[in-house]
Amino acid sequence: MPLFALNKEIIFPPVHLAEPDGLLAVGGDLSTERLLLAYRQGIFPWYEGQHILWWCPNPRFILTPATLKVSKSMKQLLKRQAFTFTTNKAFAEVINNCKNINRPGQSGTWITNSMKDAYIRLHKQGYAHSAEVWLNDELVGGLYGIRLGKVFFGESMFSKLSNASKYAFISYVQQLQEEGVQLIDCQVYTEHLESLGAHMIPREEFIELIKMLIPE
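Residues numbered from 1 in each chain as written. Predicted model: local features only at pLDDT ≥ 70, side-chain atom pairs only at ≥ 80, totals over all residues. Heavy atoms only, no water.

Caption draft 1: Representation of the overall build of the protein in the model. Check the secondary structure of the protein and you find seven helices and eleven strands. The C-alpha radius of gyration of the protein comes to 17 Å, within 12% of the 17 Å expected for a compact globule of 216 residues. Over its C-alpha atoms, taken along the principal directions, the protein stretches across nearly 50 × 35 × 35 Å. Counting the 216 residues in the protein, one finds 49% classified as buried. (Helix = DSSP H or I, 4+ residues; strand = E, 2+ residues; numbered from the N terminus. Rg over C-alpha atoms; globule rule 2.2 N^0.38 Å. Buried < 20%, exposed > 50% of the residue type's maximum accessible area, 1.4 Å probe, protein only.)

Take a look at the structure:
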């Protein structure tokens with residue numbers, strides 16, 4: 001399959017033309033218009049070096065609120081409100097922590113300064129959202145992503161204390177369910193999210209779902 005080079009035109013190739021690993025295109029920019037078009041088509045950006053790479057993997061790792069798994073230990077933490085949970089209170093702090101947190105086995109981060117700036121712009125425009133957990137007024141865990149229609153596209157999460165990111169994720173999924181969200185995109189496999197109920201579906205099925213759940 002050819003790798004598509006994007007220019008100034010706000011357009012993406014059909015997702016079925018992606019490489020076997022999900023890589024679809026390179027280049028373009030992180031304008032709000034391009035990012036929103038990407039998510040609507042099931043595409044998301046990652047950086048590699050100085051280049052923006054656009055991905056649409058097959059299969060796709062997703063979670064629905066109905067398949068959320070909450071362990072007994074997490075139920076106990078939630079019941080006694082071990083952390084304070086908030087949304088959209090500290091978006092910039094959350095993305096900063098996701099950018100800078102040390103991740104075992106990873107030499108760096110794909111969240112560049114321009115990526116951070118682009119998502120802060122999306123947050124100010126009402127598209128990007130964060131969930132935070134606090135202990136004694138200190139931010140100890142959280143996540144951020146894009147909300148379009150009845151879909152939440154998860155981007156990254158961080159944890160400074162054991163179970164903090166799980167607490168944020170579970171609390172936020174439960175809130176999203178109350179708000180009518182039916183699909184959470186987890187992008188690519190992680191053992192952490194699999195333990196919370198995320199699972200693989202074919203890309204074609206994922207694309208059909210987001211077409212149905214995101215209004216024109």
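Caption draft 2: Spotlight on the pairing of strand S4 (residues 51-55). Burial analysis of S4 places four of its five residues in the buried class, the great majority of the element. Sheet topology places strand S2 (residues 23-27) next to S4; three bridges connect them, and they run antiparallel. Bridge assignment links alanine 25 to a residue of S4, and that residue is tryptophan 54. Looking at chain direction, strand S3 (residues 44-48) and S4 are connected through five bridges and run antiparallel. Each bridged residue has a counterpart across the sheet, and for proline 45 the counterpart in S4 is tryptophan 54. The loop that links S3 with its antiparallel partner S4 comprises two residues; one of these, glycine 49, has a positive phi angle of about 65°. (Pairing = 2+ DSSP bridges.)

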